[in-house]
Every structure is written in structure tokens, then in C-alpha cells.
Amino acid sequence: MKKVYTCFCTSVIHEGHRNIIENARKYGEVTVGVLSDEAMIRYNRFPTLSFEERMQLVRELDGVDRVIVQEDIMYDQIISRIRPDYVVHGDNWKIGPESAIRNNVISLVERYGGELIELPYTYNDNVKRIDDRIKEKLAMPEYRRKRLRQLIDIRSLVKALEVHSGLTGLIVEKTVVENEGEFDQFDAMWVSSLCDSTAKGKPDIELVDMTSRYRTIDDVMEVTTKPIIFDGDTGGIAEHFVYMVRTLERMGVSAVIIEDKIGLKRNSLLGIEAEQKQAAIEDFSAKIAAGKKVQLTDDFMIIARIESLILEKGMEDALKRAHAFVQAGADGIMIHSRKKEPDEIIEFCDRFRVNDRNSPLIVVPTSYNSVTEEELKKHNVNIVIYANQLTRSAFPAMEQTAKDILKYHRALEVDERLMPINDIITLINEL
Ligand code: SPV
Ligand code: MG
């Protein structure tokens, strides 16, 4: 009996999958690999079923002889393990980053005379409807809200990128990159107060009111499914913060990060150049505790952000605050720094872990941007936030375009660096 292999990375079985199995069984005994959660998250959507449930779904399919786990999106391990005579796959992987997986399979099976069989991908209204429903489910508040905690458990490092509009949300949602056989994408979105304010032409001083900031979240949520971390600035006074928690939780936001400052909040990257005061430990702890008390689900996270290093109050103060805020109920600690080098952040992470092995640690490497994700993982960081890079890349490009149109008295000279008109018209899918 010949051996046939196919890999599924889906939480729903539709006629396209059945078609693959029906064809595969014509060639021999069918083994289906179910892609692991970790690999699926890096390359595809977040699974709406647990790994065990996805295995069960495939076991129940007629024509499947064996179900195994495929740990990696590339087929090296799996092929050396089972050496299938045939690998069966839909032909939809010929273009885009997925073509790297196809090339990987072709080169692997060639070595021992195996064969790749590609079947026409099943495109029809029913399959599209099923796919759309998965997306809608992932976007629902009750599914989206808990996803940050799920990601912290599955991912060795959760990566968040700044968003401030539907369009930037779509970039974080959809950008997938294949690089030397590794797939990657962002896991979460950061609604930065700096970038949300900047997009509205306002300073980052808690001036943009909450109604407007919720509107930004709503714009992002309308077109995305990934979890949201909201920059709550100082959270305001405790009596107001509890309302913020309720609203964010109801909307399906996964976490709010509040910083231990009082009075007029200025952007942290200004450091001690701007006069800024830190809140007393007792007062900020009380604010965290008040927020935790009104929370209705176990999913939502209140993360305490410590400004001791920004305000040059020292490492001991930062550590003391971190442990106190966890005691008060904080679900994680964000430690911030404006140094060029990551040394103080790394020292903080290592020393914090001596007494706290579990609380998630969050960092924002804007100024110490030479630090690598590998280094952050080594020092037990759980979430890295790239806090403002989309805004900072868009602004100079737009400004240059404005300058050049003024300079040349027409738009011809700028056109070659612009997105083609057809691409911008078709960028957004209509329902
Ligand atoms: C933001 O993105 O708004 C932040 C991070 O709070 S920082 O600008 O570094 O303070
Ligand atoms: Mg901010």
C-alpha cells in the first residue's frame, strides 16, 4: 500500500477538505497531519478549536487512516519521519508566501522519488461563507478578549504592533512574512496614546478624550480579528478608571496598560526633560485593585506600567513597585526605558523573575531598538510592543510627497513611489 500525506490547518471541515481526502485515498493509505497551535498561529489564523478538537475533527473524516501532529509549517521533519509516496495539497499555495512551503515539499520529495499532487482549490460561495464565519467569530468580543492570555501561553514571545486606524489595523491583521523558511506575523495590536493622538494632530497628554479613543478601537475592531492592548495612559482617577475597564472589557479589548504617573502626563520618551510625577505606590495599587474589582470576566488584563527608569528613580524603586502592583492585582508588568541600550531592561527582567516566575512582562523597545526578540525571550519577556513604527514610517513618506507636489507643480514626479491606483482601490475587500 502506498503512503499518502496531507496537512490540515483548519478549525472547520468543508467540502474542499473532503475533496482532498477523497482524492488522496485513490493513491493509498491516507495520513493527515494536523498543524500544531504554535505553527498555525505563526502562519495562519488563530485556531477557533483546541489542538485536540482539531485532531478529533480530522479523525472523524471518512477515508482518513491516521492522524498525526505536524509541528512545523515546513515539511522537513514530517517527510523524513513518514516518507510518503505522495503529498496532496490544494493548488492555492502557488502564489504568495505559501509558495515557500510548496517549494520545500517539492525539493524534499524529489530526493527519494516521492510526488506532489496538487488539486484545484475549492472556491465557491459555501466555502467562502464558512471562511467568513470563522473570521467573524474570531472578531467577536468574547473570543477576541481572551486571545491575549491564550497567546501568552502558546507563543514564546507575543508581538504587538501599533495601530491607530482601520487601515493600520489591516496591516497588522494581514501582514505575513516568509523568511528563510520561517513564517511570522504580528499577534496583537497596540492602540498607542502617542500615535492615536498624533493621528488626530494632538499632543500625547491625555487630551484626546476617551470617546474619541474608543472610536479608534471600534474602527480597528470593525476590520480585524487580532487582540487589542489599549494604552490607557494614567487611567485617570480611580473613580474614572473603573468605567474605562468596564467599557474596554465589554468592547472585547484584551488588556489595558496604565502607567504610574499623576498630574499632567507627558510622553515617556521625553524622560526628565518634561516635568512628570510618579504616583505613590499605595495610590496606584488602589487604582489597580479598583479596576480588578469591577472586571466581569477572567479574560481581561490590567497591566501596570512602571516609569521609575524613565524618571531616573532607580532599579530598586522599579522592582519594589512591580511586586507591589502585582500584589494589588495587576495581571502583568510593563517596564519602560528610554536608554539606547537594553541593559537596564534586561537587569529589571532578570531581577523581577527571581521573585515572580509567572506574571507576564511587557517591554517597548523604541529607544533600545537593537535588542533582538531572541534576547527578550532569553530574559523571559512575554510581550514585545513595537509602539509607534507605523506612524513614524507613514509621516515622512507623506510629508515628502506633499513637498514634491509643491516643488514640481504636478504629481508626476512622486508617482513612481506611490501605490498604484488599482491596488488602493482593491486593497479593501467589499463584503
Ligand atoms: C505610546 O505608544 O503611546 C506609549 C509608549 O505610551 S511611549 O511612547 O514610549 O511612551
Ligand atoms: Mg502612551
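Below you will find a few notes about this structure. (Residues numbered from 1 in each chain as written. Chains lettered and ligands numbered in written order. Predicted model: local features only at pLDDT ≥ 70, side-chain atom pairs only at ≥ 80, totals over all residues. Heavy atoms only, no water.)

## Description of the side chain of Asp233
(1) Moving on: You can see Asp233 is positioned in the loop between β10 (228-231) and α12 (238-251).
(2) Moving on: A polar contact is formed between the side chain of Asp233 and the side chain of Lys265, at a distance of 3.0 Å. (Helix = DSSP H or I, 4+ residues; strand = E, 2+ residues; numbered from the N terminus. Polar contact = N/O pair within 3.5 Å; in protein donor to acceptor, adjacent residues only side chain to side chain.)

## Considering the pattern of salt bridges
(1) Moving on: In the structure shown here, the tally under the stated rule is 35 salt bridges.
(2) Moving on: Among the salt bridges present, the one from Asp299 reaches Arg145, with a minimum N-O distance of 3.7 Å. Taken together, the residues span a long stretch of sequence, with Asp299 in the loop between α13 (281-294) and β14 (301-306) and Arg145 in the loop between α7 (141-144) and α8 (147-154) at a distance of 154 residues.
(3) Moving on: The salt bridge partner of Arg305 is Glu307, with a shortest N-O separation of 2.8 Å. Accessibility classification places Arg305 together with Glu307 in one group, the buried group. (Salt bridge = Lys/Arg side-chain N within 4 Å of Asp/Glu carboxyl O. Buried < 20%, exposed > 50% of the residue type's maximum accessible area, 1.4 Å probe, protein only.)

## With respect to the sheet that holds strand β3 (residues 66-70)
(1) Moving on: Here 5 strands make up an open sheet; going across it, the order is β3-β2-β1-β4-β5 and the pairing parallel. Pairing within the sheet leaves two strands with one partner each, and these edge strands are β3 and β5 (115-119). Between one strand axis and the next, the sheet turns through 30 degrees on average, direction left out of account.
(2) Moving on: By the bridge criterion, 5 bridges tie strand β4 (residues 86-90) to β5 in an arrangement that is parallel. Note on β5: the bridge partner recorded for His89 is Glu118.
(3) Moving on: Across the sheet, helix α3 (residues 51-59) touches β1 (3-8), β2 (29-35) and β3, and the angle it forms with β2 is around 160 degrees.
(4) Moving on: Along the sheet, helix α5 (residues 99-110) makes contact with β4 and β5, crossing β5 at roughly 145 degrees. (Pairing = 2+ DSSP bridges. Axes fitted to C-alpha atoms, helices over the stretch in contact; angles between N-to-C directions. Contact = heavy atoms within 4.5 Å.)

## Quick look at the packing of aromatic side chains
(1) Moving on: Scanning the entire structure with this criterion turns up 7 aromatic pairs.
(2) Moving on: Centroid distance Tyr5 to Tyr75: 6.1 Å. Interplanar angle 85 degrees. Geometry classified as edge-to-face. Here Tyr75 lies in the loop between β3 and α4 (76-82) and Tyr5 lies in strand β1, a separation of 70 residues in the sequence. For the pair Tyr5 and Tyr75, a shared accessibility class is recorded, and that class is buried.
(3) Moving on: Above the ring of Phe46, the side-chain terminus of Arg147 is found at 5.5 Å from the ring centroid. (Phe/Tyr/Trp six-rings, centres within 6.5 Å; stacked < 30°, edge-to-face > 60°. Lys NZ or Arg CZ within 6 Å of the ring centre and 35° of its normal.)

## Overview of empty space enclosed by the protein
(1) Moving on: Applying the stated criterion across every chain yields a total of 2 cavities of 30 Å³ or more.
(2) Moving on: If you add up the space inside the largest cavity, you get close to 170 Å³.
(3) Moving on: Along the wall of the largest cavity there are 18 residues; nearest its centre are Leu194, Asn267, Arg305, His336 and Ala387.
(4) Moving on: Tallied by class, the residues present in the lining of the largest cavity amount to 6 nonpolar, 7 polar and 5 charged. (1 Å grid on protein atoms, 1.4 Å probe; cavity = no way out; pocket = protein on both sides within 12 Å on 5 of 7 lines; lining within 4 Å. Points joined across faces, edges and corners; volume = space filled by probe spheres on them. Nonpolar A, V, L, I, M, F, W, Y, C, P; charged D, E, K, R; others polar.)

## Thoughts on the coordination of the magnesium ion (ligand 2)
(1) Moving on: For the magnesium ion (ligand 2), the protein coordination sphere consists of Ser193 (OG) and Asp231 (OD), at 2.1 to 2.2 Å. Here Ser193 is found in helix α10 (residues 193-199), whereas its partner Asp231 is found in strand β10, with 38 residues between them in sequence.
(2) Moving on: With relative accessibility at 2%, the residue Ser193 sits in the buried group. (Donors = N, O, S within 2.8 Å, 3.2 Å for Na, K, Ca; no water.)

## Section: α13
(1) Moving on: Over its 14 residues, α13 runs 20 Å from end to end, which matches the ideal 20 Å to within 8%, given 1.5 Å per residue.
(2) Moving on: Buried residues of α13: Ile281, Phe284, Ser285, Lys287, Ile288, Gly291 and Val294, and no others.
(3) Moving on: The inward-facing, buried residues of α13 contact α12, β11 (255-259), β14 and α14 (315-327). (Expected span 1.5 Å × (residues − 1).)

## Considering the site of ligand 1
(1) Moving on: Neighbouring residues of ligand 1: Trp190, Ser192, Ser193, Leu194, Asp231, Asn267, Ser268, Leu269, Arg305, His336 and Ala387.
(2) Moving on: At 3.1 Å, a backbone N or O of Ser193 approaches an oxygen atom of ligand 1.
(3) Moving on: Contact with the protein chains covers 99% of the free accessible surface of ligand 1, which is 280 Å².
(4) Moving on: Under a 2 Å grid-point criterion requiring more than half of the atoms, the pocket assigned to ligand 1 is the largest cavity.
(5) Moving on: Per-class residue counts for the shell around ligand 1 are 4 nonpolar, 5 polar and 2 charged. (Near = heavy atom within 4 Å. Areas by Shrake-Rupley, 256 points an atom, 1.4 Å probe, with all protein chains shown as cover. Sits in = over half its atoms within 2 Å of the grid points.)

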